[in-house]
Amino acid sequence: MATDFKEMANKTLKGCGCLTIGSFALLLVLGIIGAIFDDDENTEVTDGTAQNTEQVEKKDTVIVNEPLENDPYQELDELIGLGKVKDEVRSLANFVKIQKQREAQGLKIPKMSYHLVFTGSPGTGKTTVARIVARIYKDLGVLKKGHTVETDRGGLVSGYMGQTALKTDSLIDKALDGVLFIDEAYALVPEDGSGSDYGQEAISTLLKRMEDNRDRLVVIIAGYSKEMKRFIDSNPGLQSRFNRYIDFPDYSAGELADIFKMYLRKNQYNITPGAEELLKEKLDYAVAHKDRNFGNARYVRNMFEKSIQEQANRLSSVSNASKSQLTELTEEDIMKAFNP
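Read on for an overview of the structure. (Residues numbered from 1 in each chain as written. Predicted model: local features only at pLDDT ≥ 70, side-chain atom pairs only at ≥ 80, totals over all residues. Heavy atoms only, no water.)

1. Regarding the side chain of T148
Put simply, the test is: Per the convention used, a helix needs a DSSP run of H or I reaching at least four residues, while a strand needs a run of E reaching at least two, with both numbered from the N terminus. Think of it in three bands: residues with accessible area under 20% of the maximum for their type are buried, residues over 50% are exposed, and the middle band is partly exposed, with areas taken using a 1.4 Å probe on protein chains only. We call two N or O atoms a polar contact when they sit within 3.5 Å, provided that within protein one can donate a hydrogen and the other can accept it, with sequence-adjacent residues counted only if both atoms are side-chain atoms. Pairs of residues are marked as contacts when any of their non-hydrogen atoms sit within 4.5 Å.
Tracing the backbone through its elements, the reader meets T148 in strand β4 (residues 148-151). You can call T148 buried: its relative accessible area is 3%. A distance of 3.1 Å separates the side chain of T148 from the side chain of E150, its partner in a polar contact. Residues within four places of T148 in sequence aside, it is in contact with I63, V64, N65, A130, R131, A134 and V179.

In structure tokens, the structure reads:
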């Protein structure tokens, strides 16, 4: 997004051949916005201070994130909403902790799988929780490193015969001692059941490596509930390895408002009382009329981006805007963001 703002600035300068005070103020604000959202792509949605996940590699549809040093349990508690998800993760951590203690005392422990299925709509925190789970597993001694390798079908499947296994193997090598997170995993199995699709090759390779590296690899797969059930049911190997499900519900309108206000705090903005009331009305309407593609937290982030863009447009003609003006979002900004 920062690139887009730079291009806009260049066009503005070239078009007028001069720079008025108002134009300079607009370009300055646009540059700040671009910097904000370059950094925002890997920010977790918490009600405390948002934590940036260190991203060490991003190529195509693969992201490798090194674990942060923060307390993963505290970070879990600070997530906005997701009460049942937090309970499930805590319960899982408690079970693993006790089994590790039993093992240390020489007691028998049941065979268990650390692999997980996250179901739910886009923007409900699945990736964020996967990163937290990886660090909890490290804390409990399940994993040595606790990093996450995040991908989707594109990171596993090649367009050429015989190349998918190599591509999947290479990705799994990066995930060893951490978590491999596969978003929209159901895309590996076409809904029409096409036997010629290379996704089946990726699944076969994945299942073999999950067995061969069962002490070094945890796999978390995610996607819509119905599609994930179809995916798991398509292969007995998947059914036997993925037996723990955590459902991520859509956010309520109130929780979405809290997420919006979290973005305000993080980026040093505030909102007028009237604008806050309008925001709640707009989010109530959005939730009441949502479809299955509703973006939840992603939707709110987009609305926040649009709101501060509208603020920048409104202030572009103001000379020497005050700090108060530069940090305040008004009803006009919110209205234009939701009704462009």
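2. Considerations on helix α15 (residues 331-338)
The criterion, for reference: Here, the arc refers to the directions that run from the helix axis to the C-beta atoms.
Restricting attention to buried positions, one finds in α15 the residues D333, I334, A337 and F338. When α15 is viewed along its axis, its buried side chains cluster within an angular range of 115° and face the same direction.

3. Let's talk about the packing of aromatic side chains
Test applied: Aromatic pairing here means that ring centres of Phe, Tyr or Trp (its six-membered ring) are within 6.5 Å. Orientation follows from the plane angle: under 30 degrees is stacked, over 60 is edge-to-face, and everything else is tilted.
Tallied over the full model, the rule gives 8 aromatic pairs. On the basis of an interplanar angle of 50° and a centroid distance of 4.9 Å, the ring pair of F118 and F248 is categorised as tilted. Highlighted residues: F118 in strand β3 (residues 116-120) and F248 in strand β7 (residues 245-248), separated in sequence by 130 residues. Considered together, F118 and F248 belong to a single accessibility category, that of buried residues. Each ring, one from Y299 and one from F338, has its centre 6.3 Å from the other, and the planes form 70°; the classification is edge-to-face. With Y299 in helix α13 (residues 297-315) and F338 in helix α15, this pair connects stretches of sequence that are 39 residues apart. Among the residues examined, F338 registers a relative accessible area of 14% and is labelled buried. Taken together, F260, Y263, Y269 and F304 form an aromatic cluster joined through their ring pairs.

4. Observations regarding the side chain of T330
Positionally, T330 belongs in the loop between β9 (328-329) and α15. Sequence-distant contacts of T330, defined by excluding residues within four places in its chain, comprise T272, A275 and R314.

5. Focus on the environment of V218
Within the fold, V218 resides in strand β6 (residues 217-223). Sequence separation between V218 and G178 is 40 residues, and the spatial gap between their C-alpha atoms is 6.4 Å.

6. Looking at the nonpolar core
Convention followed: We call a set of buried residues a nonpolar core when its members are Ala, Val, Leu, Ile, Met, Phe, Trp, Tyr or Cys and they connect through side-chain atoms within 4.5 Å of each other.
Judged by nonpolar contacts, the single largest core of 57 residues is most densely connected at F118, V129, Y137, I220, I259 and F260. The next biggest cluster of nonpolar side chains, apart from the first, holds 30 residues, and it includes I172, L176, L206 and F242.

7. A few points about the packing of helix α4 (residues 83-104) against helix α5 (residues 126-139)
Here is the rule: The axes are straight lines fitted to the C-alpha atoms, using for helices just the contacting stretch, and the angles between their N-to-C directions are given from 0 to 180°. By the definition adopted for this analysis, an angle is roughly parallel if under 35 degrees, roughly antiparallel if over 145, roughly perpendicular if from 65 to 115, and oblique otherwise. Two helices cross in a left-handed way if the nearer one is turned anticlockwise from the farther one by less than a right angle. They cross in a right-handed way if the turn is clockwise. Gly is put with the polar residues, along with every residue not named as nonpolar or charged; the nonpolar set is Ala, Val, Leu, Ile, Met, Phe, Trp, Tyr, Cys and Pro, and the charged set is Asp, Glu, Lys and Arg.
Viewed as axis vectors pointing N to C, α4 and α5 meet at an angle of 20°, and their least axial separation amounts to 11 Å. The angle between α4 and α5 falls in the class roughly parallel. Like other packed secondary-structure pairs, α4 and α5 cross with a definite hand, here right-handed. Across the interface between the two elements, V85, V89, L92, A93 and V96 from α4 touch V129, V133, I136 and Y137 from α5. The residue inventory of the contact of α4 with α5, partitioned by class, reads 9 nonpolar, no polar and no charged.

8. Some words on the pairing of strand β5 (residues 178-183)
The test is simple: One requirement defines pairing of two strands: DSSP has to find at least two bridges between them.
Where burial is concerned, most of β5 is hidden: 6 out of the 6 residues are buried. Sheet topology note: the β4/β5 ladder contains 4 bridges and is parallel. Within β5, the position partnered with T151 by the bridge is I182. As paired strands, β5 and β6 are joined by 6 bridges and run parallel to one another.

9. Observations regarding α13
To keep things clear, this is the line we draw: Multiplying 1.5 Å by the residue count of a helix minus one yields the expected span of that helix.
An ideal rise of 1.5 Å per residue puts 27 Å on 19 residues; α13 measures up with 27 Å between its terminal C-alpha atoms. Among all positions of α13, only A297, V300, R301, M303, F304, E305, S307, I308, E310, Q311, A312 and L315 are buried.

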